[in-house]
Amino acid sequence: MEELLRYGERFFDELEIAVYRNREIGVNIELNELSMSAVRERTITIIRGIKNRSLGLAIIDSEDGKRIKEGIERAYRMAKLNSQDKRWKSLPSPGEYRKPRKINEELKDVSPDYFVELAKRGIKLALEKDKNIVVAGGGGGVEWSEERITNSQGVDVIQEGGGAYIYFELIGMKEGKVTPGIFDFDAKLSLDLNVEMAVENAARKVKWAYTVEKSKTEETKVIVEPWALSMLFQYTIFPAFSGERLIKGTTPLASKVGESVASELLTIYDDPLHEMSLNPRIADGEGVPTRKNVLIEKGKFKGFLWDNYWAKIKGTESTGSGIRNPSTGGISIGMHNAVIEKGKKSLEDMIGEIEHGYLVDGFQGAHSSNPDNGNFAVVANPAFIIEDGEIKGSTVFMMSGNVYDLLNQVYEISKEQKAIPFMGTVISPSIAFENVRIAGK
Amino acid sequence: MDMQEELEKALNWAMNNLKAEYVELRYENLKKNNLELKDGTFTTFAGKVQEGIAIRILTDGAWGFSSTNRIENLRQAIEEAYKLAKATAQAKKEKIQLADIKPHEDFVKSKMKIKPKEVSIEEKVEHMRELEKLLKEDRSIKSTQIRYEDASGEKILLTNEGTNIRWDVNYIVQYIWATGKRGDKLAAGRDSIGTVDYGWEIFKDEQPNEKVAQRVLRKLHSQLEGVAPKRGEFPIVAGPIVVGIIAHEALGHLAEADLTINSPFKDLMGKEIAPEYVTMSERYVDGGFGNDRYDDEGVPFKNINIIKDGVLNEIMLNREYAHKWNMEPNGHARAQDYTFPPIIRMRNTIFEPKDWSFEEMIEDIKFGYYVVDFRGGQAQLNSAFQVGVQEGYIIENGEITKSIRDTSISGIAIDALKKITAVGKDFGIETGFCGKGQTAFVSSGGPHMRFDGGIIIG
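> In this structure, what is going on with the packing of aromatic side chains? I would like to understand it.
The way to describe two aromatic rings as a pair is by their centre distance and the angle between their planes. Counted by the stated rule, this structure contains 29 aromatic pairs over all chains. With centroids separated by 6.0 Å and ring planes inclined at 75°, the aromatic side chains of B:Y148 and B:W200 adopt a geometry described as edge-to-face. Taken together, the residues span a long stretch of sequence, with B:Y148 in strand β5 (residues 141-159) and B:W200 in the loop between β7 (185-195) and α4 (209-224) at a distance of 52 residues. On the basis of relative accessibility, which here comes to 3%, the residue B:W200 falls in the buried class. Taken together through their ring pairs, the aromatic side chains of A:F233, A:F238, A:F241, A:F301 and A:F304 make up a single cluster. It is A:R40 that lies over the ring of B:F340; its NZ or CZ is 4.0 Å from the centre. The cationic tip of B:R56 hangs over the ring face of B:W63; the distance from NZ or CZ to the ring centre is 3.9 Å.

Below is the structure:
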């Protein structure tokens, strides 16, 4: 790598070479059966070079030295064609990394047969539980990655690791009615996946979904479960933490540092080395050490996230929040492993204390939210009606509003958290909101 | 190294050494450009080479798939796919079989007049800068992001049945996100263009920068000036883009054979599900982003009517599901790239036009909404859908009045179909991407359509 960097320095003032080796194995489930096993291998090298403050990038499907040299030359041709970015300062310098998490080597060599067995067990279990259930889809597997980021400022960091997952999507068909697809999953940094729990959770919800109840248009209590919550937050509040948006004036949090923006019960931070993280990185996408970044602490907004580029423009330091986009090679600001701090009560108790309200398992259309202002208009589906502390049946309703209002309507947070492997990872509890306006169907 | 020859050699080796029922090799070699202009600065300025092979093997009634970009390891990857198929087969009760097809040998030429590789990077840069300038001339614009991607290259599909197809692959994608501010109010406008048949000429003829910028600004201003809509069920007139997203998300997915089987469509085949003036097709469309001659199983792409004169008529199939349903495969097996196996996907999903004018459609609406463009949409297998609206207006006493801000429409598509009271004579499409574990280039569209009930706004 050293030699390649030296070769690149013939062309560039500074450059970065990042190599990503990925191997994924997996099995697919379709209609109560295994349909396919697959192995997908890919190595890409991303070259980012800067000449006279002009950026050039090249991405190649290889880690071969000769091909990387050609990539360097291609990146140089791109840089020559690019205009000067007067705000460019420099690539990151080396920093001190935290101690990496222990790697689970068994993930590296596991055979697809292992997941064939897990999937078979899950399908059998689901069909035994309820004869009206169809295992519509699902899958399981391991993703293993090795990456090395080096740059001419002296950064040279290697990270490797992998994670395993299994999921099942169940549909109930009873008396001509089809329930919405309900899925549950387990994802861990080991092979210790809990198939029984995933199937059990999904099957229980299918059972609830056989009874369909109409929802009303009202102001009420709504508990949002981890998957739904992380989707909603990913498209509304999380983008607002970006320092780039602060500079551009496109975050509603611009003048709110130190101010209360949410209920005191709410604490959100980003920490890739959190114990439940599925993305335990010591370095971000450009080699800057990651750290715990507190964003909202007991309702108060603490500050923004930065990558190397925007931090230097602002005159602050990177918070290790540079996320590499492997398809464009670019870096943008994001979170590695967002953690929404857990509360004290169990989800079961939270449900038990509601006289009338709703439990939301999934939101449709979270991605149509507006991150520029936090407005959202989503459909809660699958969702369930709670009456006198018990689930009475499934329902669908619309929930629209602004996430910053919603953050102030939190009245309880569950003690259970779940790791959601979605655009990075989110470690999320279930959150109960009060006085939520919903439009019934 | 002649890749065609290498692939044929590897295929012969597989046929001679493995007891596979079906062997499919799909090679891809694309040169791409990725440019991203954010507020005056190119934050991505990348040249990309994407090269690799997908191997799919059917043996003992089960699939094995492997993909690699180490071309030198091709034989090993074939063996790996074979072993995977064997392992899956042991757990399989119902054996997979493929519908018969006539193998094609063909070279699929690009229809582009000016291919992206024939345009200099300088011209692409100038195009993006001009577009940014036009957007920023509007004083309410706070931030703009323009992404551009193109690719030129080849794809080769070889199978042990004799399919031997080579494509001259070319595409262009442009995506815009513009944020505007007025007072304390922030709003965003989104726009996307994707093309496989029209080349760089599209920016001169169909989609010049002035027209695109005007469109983005119109969407943005409709949000900035918009009022909150009343929640509830009102008469809705939906424009081609919104009609298209309903066709795609809420109905199209149900007609993908792998999903049909778990959806209400399964029991509705051959039955009337909409008024007789409603026809919805999956077909070739001029400028369609999903256009192609063959799918990734080498099956010719056939036009189908999913709904014909109100009756649920046909579904999208690959060879596996065509066999299962005892139907003819119709060319809908598509893979994102060499790292994925083909699965059943839409191409261009549209409602067919009829005879209403827009004016006739709105003239007797006392209070309702006209929804023009969306930002994100999603549906469930029971056809419950949600579509975020990024441009919409109030209809009062037969006239379009104020615009509405951040909202969405939702409903159960199968119910909403029955509430269609008018189908327009115009036609339009939007090009974009569909995600189903993999990304596919798709279009959706239709004429203006009126729904008297069945759709909730707010």
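Moving on, there is more to tell.
> Sorry, what's going on with the domain arrangement of chain A here?
A common way to express how large an interface is: the accessible area buried when the components associate. All names here are of chain A. As far as domains go, chain A holds domain 1 (2-209) and domain 2 (218-440). Here the C-alpha centroids of domain 1 and domain 2 sit 22 Å apart. Of the roughly 3400 Å² buried between domain 1 and domain 2 on both sides combined, carbon and sulfur atoms contribute 59%. Note that R48 and E286 form a salt bridge whose closest N and O atoms lie 2.9 Å from each other. Taken together, domain 1 and domain 2 are joined by 20 residue pairs in polar contact (both at pLDDT 80 or more). At 6 residues, the largest contribution of residues to the side of domain 1 that touches domain 2 is made by strand β7 (residues 182-188). In terms of residue class, the side of domain 1 that touches domain 2 is made up of 23 nonpolar, 4 polar and 13 charged.

> What is the right way to look at the domain arrangement of chain B in this model?
Residues and elements named next belong to chain B. Partitioning chain B into structural domains gives domain 1 (3-224) and domain 2 (232-457). Across the domain 1/domain 2 interface, buried area totals approximately 3900 Å², and carbon plus sulfur atoms make up 48% of it. Considering only the side of domain 1, the residues that lose the most area to domain 2 are R190, S222 and Q223, jointly responsible for 15% of the buried surface there. Where domain 1 meets domain 2, there are 8 salt bridges. Here K155 and D296 are joined by a salt bridge, their closest N and O atoms 2.6 Å apart. The interface formed by domain 1 and domain 2 includes 24 residue pairs in polar contact (both at pLDDT 80 or more).

> Can you walk me through a negative patch on the surface in this structure?
The grouping of B:D2, B:E5, B:E8 and B:E105 at the surface amounts to a negative patch. With respect to the secondary-structure elements, B:E5 resides in helix α1 (residues 3-17).

> Would you take a moment to explain the sheet that holds strand β9 (residues 280-282) of chain B for this structure?
Backbone hydrogen bonds hold the strands of a sheet together, and the pairing may be parallel or antiparallel. All names here are of chain B. Judged by pairing direction, the sheet is mixed, and its 6 strands sit side by side in the order β11-β10-β9-β14-β21-β20 without closing on themselves. Single-partner strands in this sheet number two, and they are β11 (311-312) and β20 (428-435). Two strands pair when backbone bridges link them, and β20 and strand β21 (residues 439-446) are joined in this way by 8 bridges, in the antiparallel orientation. Bridge pairing in β21 places I429 opposite G445. Strand contacts of helix α5 (residues 240-252): β9, β14 (348-351), β20 and β21, with the helix running at about 125° to β21, the strand carrying the most contacts.

> Looking at this structure, how should I read the nonpolar core?
Buried together is how nonpolar side chains tend to be arranged in soluble globular proteins. Residues and elements named next belong to chain A. Grouped together as the largest cluster of nonpolar side chains are 79 residues, with contacts concentrated most on F241 and M399. Considering every element that reaches this core, the biggest residue donor is strand β20 (residues 425-440), with 6 residues. Summarising the domain contributions, this core has at least three residues from each of domain 1 (2-209) and domain 2 (218-440). Those residues in contact with F241, other than ones at most four positions away along the chain, are L253, L295, I296, F301, F304, L305 and M335.

> Explain unusual backbone geometry to me, please; I cannot follow it from the model alone.
The phi torsion of most residues other than glycine is negative, and most of the peptide bonds are trans. The omega angle of the peptide bond from A:N381 to A:P382 is 0°, so this bond is cis rather than trans. Assignment of secondary structure puts A:P382 in strand β17 (residues 375-387). Phi angles above zero are rare outside glycine, and A:N52 is one such case at about 45°. Locating A:N52 in the fold gives a position in the loop between β2 (33-51) and β3 (54-60). Although it is not a glycine, B:N397 adopts a positive phi angle of roughly 45°. Along the chain, B:N397 falls in the loop between β16 (384-396) and β17 (399-404). Given the relative accessible area of 61%, B:N397 is considered exposed.

> Explanation requested: the interface of chain A and chain B in the structure shown.
Opposite the 77 residues of chain A that make contact, chain B presents 75 residues. Per-residue buried area on chain A facing chain B is highest for A:E33, A:M36 and A:R40; these three make up 9% of the total on that side. At the surface where chain A touches chain B, the tally comes to 6 salt bridges. A salt bridge links A:E33 to B:K92, with the nearest nitrogen and oxygen atoms 3.8 Å apart. Between chain A and chain B we count 43 residue pairs in polar contact (both at pLDDT 80 or more) in total. Looking at the side of chain A that touches chain B element by element, the count peaks at 11 residues for β2(A).

> Which parts of the structure should I look at to understand the packing of α1(B) against helix α2 (residues 74-89) of chain B?
To characterise two packed helices, one gives the angle between the axes of the helices and the distance between these axes. All names here are of chain B. Relative orientation of the contacting elements α1 and α2 amounts to 40°, with a least axis distance of 10 Å. As summarised for this structure, α1 and α2 are arranged oblique, according to the angle between their axes. The interaxial crossing formed by α1 with α2 has right-handed handedness. For the pair formed by α1 and α2, the contact residues are E6, L7, A10, W13 and A14 on the first element and L74, R75, I78 and E79 on the second.

> So what exactly am I meant to see when it comes to the side chain of A:S400 here?
Considering the arrangement of structural elements, one finds A:S400 in strand β18 (residues 390-402). Here B:R231 takes part through its side chain, which lies 2.9 Å from a polar atom of the side chain of A:S400. Leaving out residues up to four positions away in the same chain, A:S400 has contacts with A:F376, A:A377, A:R437, B:R231 and B:G458.

> So what exactly am I meant to see when it comes to a positive patch on the surface here?
Judged by side-chain charge, A:R53, A:K86, A:R87 and A:K89 come together as a positively charged surface patch. Tracing the backbone through its elements, the reader meets A:K89 in the loop between α2 (65-81) and α3 (106-109).

> Before we go on, may I ask you to explain α2(A) in this structure?
Count 3.6 residues to each turn of an α-helix, and residues three or four apart come out pointing the same way. Residue and element names in this part refer to chain A. Taking 1.5 Å of rise per residue, the 17 residues of α2 would be expected to cover 24 Å, and the 25 Å separating its terminal C-alpha atoms lies within 8% of that figure. Turning to α2, its buried residues are I68, G71, I72, R74, A75, M78 and A79. Angularly, the buried residues of α2 cover 170° about the axis, an arc narrow enough to put them on a single face. Residues of α2 that are exposed and point over 90 degrees away from its buried face: K66 and K80.

The rules behind the values
- Residues numbered from 1 in each chain as written.
- Chains lettered and ligands numbered in written order.
- Predicted model: local features only at pLDDT ≥ 70, side-chain atom pairs only at ≥ 80, totals over all residues.
- Heavy atoms only, no water.
- Phe/Tyr/Trp six-rings, centres within 6.5 Å; stacked < 30°, edge-to-face > 60°.
- Helix = DSSP H or I, 4+ residues; strand = E, 2+ residues; numbered from the N terminus.
- Buried < 20%, exposed > 50% of the residue type's maximum accessible area, 1.4 Å probe, protein only.
- Lys NZ or Arg CZ within 6 Å of the ring centre and 35° of its normal.
- Domains from an automatic or database assignment.
- Buried area = accessible area lost by both parts, 1.4 Å probe.
- Salt bridge = Lys/Arg side-chain N within 4 Å of Asp/Glu carboxyl O.
- Polar contact = N/O pair within 3.5 Å; in protein donor to acceptor, adjacent residues only side chain to side chain.
- Nonpolar A, V, L, I, M, F, W, Y, C, P; charged D, E, K, R; others polar.
- Patch = residues over 30% accessible without salt bridge, like charges linked within 9 Å, V, L, I, M, F, W, Y side chains within 5 Å.
- Areas by Shrake-Rupley, 256 points an atom, 1.4 Å probe, with all protein chains shown as cover.
- Lys, Arg positive; Asp, Glu negative; His and termini not counted.
- Charge placed at Lys NZ, Arg CZ, Asp CG, Glu CD.
- Pairing = 2+ DSSP bridges.
- Contact = heavy atoms within 4.5 Å.
- Axes fitted to C-alpha atoms, helices over the stretch in contact; angles between N-to-C directions.
- Core = buried A, V, L, I, M, F, W, Y, C linked by side-chain atoms within 4.5 Å.
- Parallel < 35°, antiparallel > 145°, perpendicular 65-115°, else oblique.
- Left-handed = near helix turned anticlockwise from the far one by under 90°.
- Expected span 1.5 Å × (residues − 1).
- Arc of directions from axis to C-beta.

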